[in-house]
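Residue strings, one per chain:
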Amino acid sequence: MSSVVNKAGETNSVEKAFSAEDIRKDFPILHQQVNGHPLVYLDNAATTQKPQAVIDTLTTYYTQYNSNVHRGAHALSDRATVAFENARKTVAGFLNANKVEEVIWTRGTTEAINLVAYSWARHNLKAGDQLLVSWLEHHSNIVPWQMAAEASGAEVIGMPVTEAGDIDLAALKELLNPRVKLVALNHVSNALGTVNPLEDIIPLVKAETPAVVMVDGAQALAHYPVDVQKLACDFYAFSGHKLFGPTGIGALWGREDLLEAMPPWQGGGEMIERVSFAGTTFNTLPFKFEAGTPDIAGAIAQAAAIDYLQALDREAVIAHENELLAYSLELAQGFPRLHKIGTAKKVAAVFSFNLDGAHPADVGMLLDQQGVAVRTGHHCAQPIMERFGIPGTVRASYSIYNTRDDVKRLFSALEKVQGFL
Ligand SMILES: Cc1ncc(COP(=O)(O)O)c(C=O)c1O
């Protein structure tokens, strides 16, 4: 949305038509040659590129008001504190959190999940409890639960996935019982792009178990608007760098009553109310979980990234990315050796595939030589690779600034790859 002033001097808001070509202009990194070819960046599920507005926000912070937050008695510190806490409000609004205190800054999704696995899980789990974790998960949403289970004597059970790459709802129903204390699953799979129907799964879980639901939102927010209250999950984690923001920043959203009852997980400055050798009392939410100096610049720049995304027509973003996927499928028809991995009911902007007789790493290297950046391998999601009996895939993942021309470049580069292999 932007504003225009008409001849009568009235300001009107206008919906700007979505144009990936226009958006590209905001991302300086995209305009370069790689290995002698114009860069086609299709590794957005690993990390998205940053618009100039985010880069400028970082520069402004460091050139004009770099200072520590919450503790300074001077103007720069006040300015940094206001910007930092406003950034938290931006995240809370973006997720439709009930309260801003429910947003805890972390280094990213991995740290957010680990926070819950240490603070909530280790204090709420006991021997005999069950944790359901989907087979679609990134290792970040598996390993912390295995560690928490080991510490408590609870058991991690995999939630089966269908041949298409969807969570098997019938099998999930069979697993639900009162011993299930946690269900961990992603909103969107980074390996296959499967969009999990949380609006169906969460009510099912809540009806049959006392479990809290931990959603890994790392791959969702750059594509879909998310409302944590509507989803009725308990925890939602994300990484800023997959959402057009800097690396090193992300957040955990949690339900206030759960967060209030959880003990701190790291000790240090900022998370305390008062420290003495007779005992320490802890700060209130959200600071109780934010020990030490946070990534102040990162948080403020993350808010700028969210503002950038929110200014776009989100429905048009979804339509655009769906079109890139449909175009990929269309062009793939000319490649009999290409097998798409995952044919889930709803897929986000991920095109994961293999070429018969070719190792994904070789395909990736040959694409790179032609300026096309993809990710290859198991994508830190080995269980789902095991489920499909493959060592890995080639993954092209799309974003707001990718165009049909990028997809065409991928497939013409693949034609050459086929010739080589
Ligand atoms: C679904 C999913 N979860 C978690 C992560 C981990 O994110 P981070 O490394 O930013 O903590 C990723 C990163 O690829 C991911 O795709």
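Model, not experiment: these values are computed from the prediction.

What to know about the environment of Leu 366
On the secondary structure map, Leu 366 appears in helix 12 (residues 360–368). A relative accessible area of 10% means that Leu 366 is categorised as buried.

Some remarks on a nonpolar patch on the surface
A cluster of nonpolar side chains, Tyr 118, Val 143 and Met 147, forms an exposed patch at the surface whose accessible area comes to about 230 Å². Secondary-structure assignment places Tyr 118 in helix 4 (residues 109–124). Look at Tyr 118 and you get partly exposed, because its relative accessible area is 30%.

What about the site of the ligand?
Near the ligand, the surroundings consist of Thr 109, Thr 110, His 138, Ser 140, Asn 190, Asp 216, Ala 218, Gln 219, Ser 239, His 241 and Lys 242. Between the ligand and His 241, the relevant distance is 2.7 Å, taken from an oxygen atom to a side-chain nitrogen or oxygen of the residue. Burial of the ligand by the protein amounts to 86% of the accessible area it has alone, namely 390 Å². Each residue belonging to the shell around the ligand can be placed in one class, and the counts come to 1 nonpolar, 8 polar and 2 charged.

What about the sheet that holds strand 19 (residues 393–397)?
Spatially, 4 strands are ordered 15-16-19-18 in an open sheet, and the strand pairing comes out antiparallel. Both edges of this open sheet fall to strand 15 (338–340) and strand 18 (375–377), since each of them pairs with a single strand only. Between one strand axis and the next, the sheet turns by 30° as a mean value, whatever way the strands run. One ladder, built from 3 bridges, connects strand 15 with strand 16 (residues 350–355); its direction is antiparallel. Each bridged residue has a counterpart across the sheet, and for Leu 338 the counterpart in strand 16 is Leu 355. Sheet strands in contact with helix 11 (residues 314–332) are strand 15 and strand 16, and its direction is about 20° off that of strand 16.

Regarding the nonpolar core
Counting residues in hydrophobic clusters, the biggest one holds 81 residues, and the most contacted among them are Val 183, Leu 185, Cys 233, Tyr 236, Ile 384 and Ile 400. Here this core takes 11 residues from helix 10 (residues 296–310), the largest share from any one element. Viewed by domain, this core spans two of them, domain 1 (34–46 + 313–420) and domain 2 (75–309), each represented by three or more residues. Contact partners of Tyr 236, with chain neighbours within four places excluded, come to His 187, Met 214, Val 215, Gly 217, Ala 220, Leu 221, Val 226, Val 228, Leu 231, Ala 251, Leu 252 and Trp 253. Of all hydrophobic cores here, the second largest spans 29 residues; its members include Ala 344, Phe 351, Leu 355 and Val 407.

A closer look at the packing of helix 3 (residues 75–95) against helix 10
Between helix 3 and helix 10, the least distance of the axes is 8 Å, while the angle of their chain directions is 40°. The angle between helix 3 and helix 10 falls in the class oblique. Considering only the axes of helix 3 and helix 10, their crossing is left-handed. In this structure, helix 3 contributes Ala 80, Ala 83, Phe 84, Ala 87, Thr 90, Val 91 and Phe 94 to the contact, and helix 10 contributes Ile 296, Ala 299, Ile 300, Ala 303, Ile 306, Asp 307, Leu 309 and Gln 310. Across the contact of helix 3 with helix 10, the residue classes tally to 12 nonpolar, 2 polar and 1 charged.

Some thoughts on the pairing of strand 6 (residues 103–106)
Both faces of strand 6 are covered, namely the face carrying Val 103 and Trp 105 and the face carrying Ile 104 and Thr 106. In this sheet, strand 12 (residues 250–254) lies alongside strand 6 in antiparallel orientation, the contact comprising 4 bridges. Note that in strand 12 the partner of Trp 105 across the bridge is Ala 251.

Scoring rules and cut-offs
- Residues numbered from 1 in each chain as written.
- Predicted model: local features only at pLDDT ≥ 70, side-chain atom pairs only at ≥ 80, totals over all residues.
- Heavy atoms only, no water.
- Helix = DSSP H or I, 4+ residues; strand = E, 2+ residues; numbered from the N terminus.
- Buried < 20%, exposed > 50% of the residue type's maximum accessible area, 1.4 Å probe, protein only.
- Patch = residues over 30% accessible without salt bridge, like charges linked within 9 Å, V, L, I, M, F, W, Y side chains within 5 Å.
- Areas by Shrake-Rupley, 256 points an atom, 1.4 Å probe, with all protein chains shown as cover.
- Salt bridge = Lys/Arg side-chain N within 4 Å of Asp/Glu carboxyl O.
- Near = heavy atom within 4 Å.
- Polar contact = N/O pair within 3.5 Å; in protein donor to acceptor, adjacent residues only side chain to side chain.
- Nonpolar A, V, L, I, M, F, W, Y, C, P; charged D, E, K, R; others polar.
- Pairing = 2+ DSSP bridges.
- Axes fitted to C-alpha atoms, helices over the stretch in contact; angles between N-to-C directions.
- Contact = heavy atoms within 4.5 Å.
- Core = buried A, V, L, I, M, F, W, Y, C linked by side-chain atoms within 4.5 Å.
- Domains from an automatic or database assignment.
- Parallel < 35°, antiparallel > 145°, perpendicular 65-115°, else oblique.
- Left-handed = near helix turned anticlockwise from the far one by under 90°.

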